[in-house]
Amino acid sequence: MTSTRSRGRRFAASAVLATACAAGSLAPSVPATATDTATVPTVTLRTARTATAVAPTDSSGARPSASGPATDHRPGARGAHGTRGTHGTRGTRGTRGTRGTVVSVTEVARLTAREVAARLEKAGIDAAQVRYGVRAHRVVYRTLDAQGAPTTASALVAVPDTGRRHLRPVSWLHGTTVYRGDVASVNDNSTDRAAALLFAATGKAVSAPDYLGLGEGPGTHPYGDPRATVNAAIDALRATRAVVREDGRTVSRRVQVSGFSQGGPATMMVGRALQQRVDPFFRLGALAPISGPFDLSAFEAAAANDDIVRSSLYLAYFTVAWNRLYGLYDTPPEAFRAPYDTTVETLFDGDHTSSEIAAALPPTSKDLFTEAFLAKVRHPTGELRRRLNALDTTCDWRPDVTVHLYHATGDKDVAYANAQHCRAQLAAHGAPSHLTDLGEADHNTSVRRALPQVARQFR
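**A closer look at a positive patch on the surface**
Among the surface-exposed residues, Arg-131, Arg-164, Arg-168 and Arg-459 lie close enough to one another that they form a single positively charged patch. Tracing the sequence through the fold places Arg-459 in the segment after α15 (443-458). On the basis of relative accessibility, which here comes to 48%, the residue Arg-459 falls in the partly exposed class.

This is the structure:
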């Protein structure tokens, strides 16, 4: 148990980042160091059959630097993910500490165009735009954690089987995920794997980060932390570029960014970072967030009032994750009612599925949380207010591209008002945007409806 004093120090030290994000300034989280070399170190490509060390590839001078749950994306068996951090054989590590360095590459799918189409149709996604077969790899790469310390993360990198040597990159940012095995790089049946296959089958190089603490990343997921979100996505793009170059191809500079639910605000944060040139190579090319909680304060207040479905699970994930990051309470009984105060923190360790967590929690927030804590969420003040503001203002800037927002009026998890909130902030800056109403779809159906539209927009 972390002491009150240490939690207080950690909470206070977080204020600078929250203030910077709220002001629209997402600069690199740490300055470049001597380890940030101009050459991407050696990459070891590993498939299901071979493990071949290859030479350094990136001599461009690019310096590495820095919701219901989407669906219950369970692998067919708990053991499908294997021991955390050891799935497949590790490759060479390259220069220690270099951001975006590839640690290992493991082939996870090799599909014909017909097989891609069948996979999309099974997921309920229109496959009319499929043109190519797809090869997909789980890539482990170096990045930074929420405190700026070196760590690793994983991502799915998907490329089309086409003769094209120059590919446009797409960054796909997934929604709220509690189980580390539900992400695109691990779960073949996930909607996020299907999303990556769709974009790749239209001819794009897809970078789909698992975020920190999910997939093969160590530790727990820093849910919603701005710095960790941007670090994972930008460094995944760098790793994707290195992998694509090992395939004898290149990616263009302009990144098309899209994401669902939690990935909606992440789309805007990553887009802002790209526009601010946190990477010397990549630039912002397109933005298409789907069903995102852009007004996080209102979203969490609605969860506290039990005005959304799965309110207790959403709010519990937020509370446990933000307590680890920022120190929302000193002891669990301050936030959670008995008997849940003794078990709720252990549920969000990345090793429990959303169905397991839902079965262990009461269905309503009023039965899970203390009234004092719910009041704090409904009317946040001080450091919590500043932290929430960073995620209430992810649209509070002027992108150089038109923002295409997608949201369903029928969404009972993340209200349609969130998209209107984002559009209003963009309009205040004179930024062009377009909002597509996906109709009376629920939260998870909305992404399946939106993906083919985003793919057409990205062409």
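**Remarks on the side chain of Asp-192**
Within the fold, Asp-192 resides in helix α4 (residues 191-201). For the buried Asp-192, no salt bridge is present, and the opposite-charge side chain at shortest range is Arg-119, 9.0 Å distant. Side-chain polar atoms of Asp-192 contact the side chain of Trp-172, separated by 2.8 Å.

**Points about the packing of helix α8 (residues 311-326) against helix α13 (residues 382-392)**
Close contact between α8 and α13 brings their axes to 13 Å; oriented N to C, the two are set at 110 degrees. Of the possible angle classes, the one that applies to α8 and α13 is roughly perpendicular. Of the two possible hands of crossing, α8 and α13 adopt the one that is right-handed. On α13, the residues touching Phe-318, Trp-322 and Tyr-326 of α8 are Leu-384, Arg-387, Leu-388 and Leu-391. Here the residues of the contact of α8 with α13 are counted per class, giving six nonpolar, no polar and one charged.

**Focus on the nonpolar core**
Residues Leu-274, Trp-322 and Phe-348 are the most contacted members of the largest nonpolar core, which totals 89 residues. Ignoring anything within four residues of it in the chain, the contact list for Phe-348 reads Val-178, Thr-220, Leu-313, Ala-316, Tyr-317, Val-320, Arg-324, Ile-357 and Leu-361. By size, the runner-up hydrophobic cluster in this structure holds 39 residues, among which are Val-130, Val-134, Ala-441 and Ala-450.

**Side note on the packing of aromatic side chains**
Evaluated as defined, the whole model comprises eleven aromatic pairs. Note on Tyr-329 and Phe-336: the rings are 5.9 Å apart at their centroids and 85 degrees apart in plane angle, and the pair reads as edge-to-face. Ring centres 5.1 Å apart and planes at 35 degrees place the aromatic pair Phe-336 and Phe-369 in the tilted group. Residue Phe-336 is located in the loop between α8 and α9 (344-347), and its partner Phe-369 is located in the loop between α11 (365-368) and α12 (371-378); the two are separated by 33 residues in the primary sequence. By way of ring pairs, the aromatic residues Tyr-329, Phe-336, Phe-369 and Phe-373 are connected into one cluster. Sitting over the face of the ring of Phe-281, Arg-241 holds its NZ or CZ atom 3.5 Å from the ring centroid.

**Some remarks on the state of the cysteines**
Chemically, a disulfide is nothing more than a covalent bond linking the sulfur atoms of two cysteines. Applying the stated criterion to the full structure yields one disulfide. Covalently, Cys-395 is tied to Cys-422 through a disulfide, its sulfur atoms 2.0 Å apart. Disulfide Cys-395 to Cys-422: torsion about the S-S bond roughly -90 degrees, handedness left-handed. Taken together, the positions of Cys-395 in the loop between α13 and β12 (403-407) and Cys-422 in helix α14 (residues 417-428) put the pair 27 residues apart, joining distant regions of the chain. The exposure classification of Cys-395 matches that of Cys-422, with both residues buried.

The rules behind each value
- Residues numbered from 1 in each chain as written.
- Predicted model: local features only at pLDDT ≥ 70, side-chain atom pairs only at ≥ 80, totals over all residues.
- Heavy atoms only, no water.
- Patch = residues over 30% accessible without salt bridge, like charges linked within 9 Å, V, L, I, M, F, W, Y side chains within 5 Å.
- Areas by Shrake-Rupley, 256 points an atom, 1.4 Å probe, with all protein chains shown as cover.
- Salt bridge = Lys/Arg side-chain N within 4 Å of Asp/Glu carboxyl O.
- Lys, Arg positive; Asp, Glu negative; His and termini not counted.
- Charge placed at Lys NZ, Arg CZ, Asp CG, Glu CD.
- Helix = DSSP H or I, 4+ residues; strand = E, 2+ residues; numbered from the N terminus.
- Buried < 20%, exposed > 50% of the residue type's maximum accessible area, 1.4 Å probe, protein only.
- Polar contact = N/O pair within 3.5 Å; in protein donor to acceptor, adjacent residues only side chain to side chain.
- Axes fitted to C-alpha atoms, helices over the stretch in contact; angles between N-to-C directions.
- Parallel < 35°, antiparallel > 145°, perpendicular 65-115°, else oblique.
- Left-handed = near helix turned anticlockwise from the far one by under 90°.
- Contact = heavy atoms within 4.5 Å.
- Nonpolar A, V, L, I, M, F, W, Y, C, P; charged D, E, K, R; others polar.
- Core = buried A, V, L, I, M, F, W, Y, C linked by side-chain atoms within 4.5 Å.
- Phe/Tyr/Trp six-rings, centres within 6.5 Å; stacked < 30°, edge-to-face > 60°.
- Lys NZ or Arg CZ within 6 Å of the ring centre and 35° of its normal.
- Disulfide = S-S within 2.5 Å.

Nothing here speaks to function; it is geometry throughout.
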